[in-house]
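Structural overview for review
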Amino acid sequence: MTDQLLRSSFGAAATAYAEHRPDYAQAAVRWALEPAPGLRVLDLGAGTGKLSATLGAVGADVVAVEPDPAMLAELRRAVPAVRALSGSAEAIPLPDGSVDAVVAGNALHWFDMAVAGAEIARVLAPGGVLAGLWNIMDDRIDWVAELERVSGSAAIGPRDTLSSWRTATADMLVPSTGLDARFGSAEQVEFPHGQRRTADSLVATLATRAGMLVMAEEERATALSRISAFLGSRPETAHGEFTLPMLTGVLRARRR
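An account of the accompanying structure is given in this report. Everything numeric here is computed off the predicted structure, so don't read it as measured data. (Residues numbered from 1 in each chain as written. Predicted model: local features only at pLDDT ≥ 70, side-chain atom pairs only at ≥ 80, totals over all residues. Heavy atoms only, no water.)

1. Quick word on the pairing of strand β2 (residues 61-66)
Judged by how many residues are buried, β2 sits mostly within the fold: five of six residues are covered. Pairing analysis gives five bridges linking strand β1 (residues 40-44) to β2, with the strands arranged parallel. Within β2, the position partnered with D43 by the bridge is A64. You can see the chain leave β1, run along helix α4 (residues 50-57) and come back into β2, and the turn it takes is right-handed. Alignment of β2 against strand β3 (residues 83-86), held across four bridges, turns out to be parallel. (Buried < 20%, exposed > 50% of the residue type's maximum accessible area, 1.4 Å probe, protein only. Helix = DSSP H or I, 4+ residues; strand = E, 2+ residues; numbered from the N terminus. Pairing = 2+ DSSP bridges. Right-handed = clockwise from strand over helix to strand, strands pointing away.)

2. Comments concerning unusual backbone geometry
Within the chain, N106 stands out as a residue other than glycine whose phi angle is a positive 50 degrees. Summarising the element assignment, N106 is placed in the loop between β4 (99-105) and α6 (113-123).

3. Quick word on the environment of E119
Its location among the elements puts E119 in helix α6. Owing to a relative accessible area of 15%, E119 belongs among the buried residues under this scheme. The contact partners of E119, leaving out residues within four places of it in the chain, are A89, E90, A91 and I92. (Contact = heavy atoms within 4.5 Å.)

4. Thoughts on the pattern of salt bridges
Under the criterion given, the structure shown has 12 salt bridges. With its nearest N and O atoms 3.0 Å apart, the salt bridge here joins R40 to D100. Within this pair, whereas R40 is found in strand β1, its partner D100 is found in strand β4, the two being separated by 60 residues in sequence. Relative accessible area serves as the criterion here: at 6%, D100 is assigned to the buried category. With its nearest N and O atoms 2.7 Å apart, the salt bridge here joins E146 to R149. With E146 and R149 both in helix α7 (residues 142-151) and three residues apart, this pair spans about one turn of that helix. Take E146: its relative accessible area is 28%, and that puts it in the partly exposed class. Through salt bridges with shared partners, a single network forms among E34, E187 and R252. (Salt bridge = Lys/Arg side-chain N within 4 Å of Asp/Glu carboxyl O.)

See the structure below:
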């Protein structure tokens, strides 16, 4: 299964993505932007605007870039105050040095950094920040760790849990990926977060993961049924709303 197939899978589920994916911890967004020389921020691979909305809430002047037309339409509907452009990490439709930070919410791993690295460096002002953010499940909690096992890697992969996200993302912002060598060393930090869910809405959330979207329909239905049965069997999740224990992990590097 190619990365291209996975990264192009979201458009068909844009409405479900907008409804069920979590936002980002404001503390994580503030930390990501803290070293930036200003608050002109590019949300790259912005999807349906989950991160754009949080950026706006902390006072950033946001421009969003998203390649998928269906996702872009949802973004414009959900966050109408944000300037939203069609484009990609490999071809950013912005002038040189025009933003103080480039951020990507659950998207950096889809970029072809051999090309995107140079584009990101081009649009960043000197001293600008590049940050990837991921919403990750807190698998120190027993039932979350068991959910990971039951769900399989198509639904909960190595970037999706506290125990593995650092290793899975650590090498994404090094010069060999195509990033301008003037970027400093990357830092990784997690911030507490959570999402109110029911068993049904958590199943719907996991159904929007790329690995699930590209499954054959019968296989996908079987996997979602297995997850639903597990959630229905656990006292933490079987009855009404609960808070899914999460964190927002941030990978940050600064242009020298």
